[in-house]
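A look at the structure
The residues making up each chain are set out below.
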Amino acid sequence: MAPAAWPGNARCALALSFDCDHETAELGSGGQAVGRLGWAEFGRRVGVPRILNLLAHHQASASFFIPAVTALLDPDEPRRIVEGGHEIGVHGWIHENTSTLDEATERAMLVRSRDVLEQITGQRPTGHRAAQWDLSPHTIKLVAELGFAYDSSMMADEDCYELVLDGAASGLVEVPVDWVRDDAVYLSFNRTPPTRPYASPEQVRDIFIREFDAAFDEGGLCQLVMHPFVIGYRSRIWILEEVLRHARARGPVWIASHQAVAKHALTAPRVRSSEPRI
Ligand SMILES: [Zn+2]
């Protein structure tokens, strides 16, 4: 689904996403450690406002994927995000591992998650991102049946692609993620299992900018995944600022929500897969 052109004669598209797992990262895995919940709360109290300020400064629209329990704990957050001109997408009920659920349970949780976000924000989410990107054999069928426009949990390409169900085109667009373009992969810390950041903020900035530059040269999509409780720190938020500054300076770029990118990918004339992208 690589479009032959982007809106506004942009050379490429930049799709920024922020996964607001917050407390559900702890609660969804069965934990109740208050210290870890406090760390998660940083994402909401500091990370999200900092990100929203930066996006407003650069007049950039983005997508925020929010577990329903996160939205119930603080309904003002998704409302503020929507008021900032950004998209809200489904990200599970409590950041559960979808791949462990039976079909009926998964369907019920997906419906409830979507409905909670709609009730709180007044906007019906059209995008789905599985928590931990773990999909069950039923997930895509359910996402398509429930009328979502796109999924953003899989890694089979760098440009958007159409998902196939039982051999038939589903009409569902995949806006692909990748661990290579995920801040948490490089910068996360955990005591158990022991996980240390393995890249510096400078290295993460370089990787993100190289991803963007290659997408710009190819006329493709650069999609990034960030987490307010990972990138929202004083020593890290500049990574996002550098990406935005670099993107604006490089040339015409379409910074758009995943929803807008998916819609464009579905409807715009495409580059044939046999044609080189450069
Ligand atoms: Zn998540």
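Residues numbered from 1 in each chain as written. Predicted model: local features only at pLDDT ≥ 70, side-chain atom pairs only at ≥ 80, totals over all residues. Heavy atoms only, no water.

Under an unreviewed UniProt entry, the name given to the protein chain is Chitooligosaccharide deacetylase, and the organism recorded is Hoeflea ulvae. Database annotation for the protein chain, UniProt heading Sequence similarities (unreviewed entry): "Belongs to the polysaccharide deacetylase family." (UniProt positions renumbered as here; feature names shortened; annotations may be inferred.)

This part covers the nonpolar core. Leu14, Leu16, Phe18, Leu55, Phe64 and Leu240 are the most contacted members of the largest nonpolar core, which has 60 residues in total. Here Leu240 is in contact with Leu16, Phe18, Ile51, Leu54, Met226 and Ile231, once residues within four sequence places are set aside. If you look at the next biggest cluster of nonpolar residues, it comprises 16 residues, including Met1, Phe65, Tyr150 and Leu221. (Core = buried A, V, L, I, M, F, W, Y, C linked by side-chain atoms within 4.5 Å. Buried < 20%, exposed > 50% of the residue type's maximum accessible area, 1.4 Å probe, protein only. Contact = heavy atoms within 4.5 Å.)

Here we take up unusual backbone geometry. Its identity as a non-glycine residue notwithstanding, Gln59 has a phi of 50°, on the positive side. Looking at the element boundaries, Gln59 is found in the loop between α2 (34–57) and β2 (63–66). Residue classification places Gln59 among the exposed positions, given a relative accessible area of 70%. For Trp133, which is not glycine, the phi torsion reads 60° and is therefore positive. (Helix = DSSP H or I, 4+ residues; strand = E, 2+ residues; numbered from the N terminus.)

Looking only at helix α4 (residues 76–83), the buried set comprises Glu77, Pro78, Ile81 and Val82. Looking down the long axis of α4, one finds its buried residues gathered within 135° of arc, a one-sided arrangement. Contacts made by the buried residues of α4 are with α2, β2, α3 (68–73), β3 (87–90) and α5 (103–121). (Arc of directions from axis to C-beta.)

This brings us to the coordination of the zinc ion. For the zinc ion, the protein coordination sphere consists of Asp21 (OD), Asp21 (OD), His91 (NE2) and His95 (NE2), at 2.1 to 2.5 Å. With four donor atoms in place around the zinc ion and angles of 53 to 139° between them, the coordination shape is irregular. Read in sequence order, the donor residues coordinating the zinc ion give the pattern D-x69-H-x3-H. Taken together, the residues Asp21 in the loop between β1 (12–19) and α1 (24–27) and His91 in the loop between β3 and α5 connect sequence positions 70 residues apart. Judged by relative accessible area, which is 5%, Asp21 ranks as buried. (Donors = N, O, S within 2.8 Å, 3.2 Å for Na, K, Ca; no water. Tetrahedral: all angles 85-135°; square planar, octahedral: opposite > 155°, others 65-115°.)

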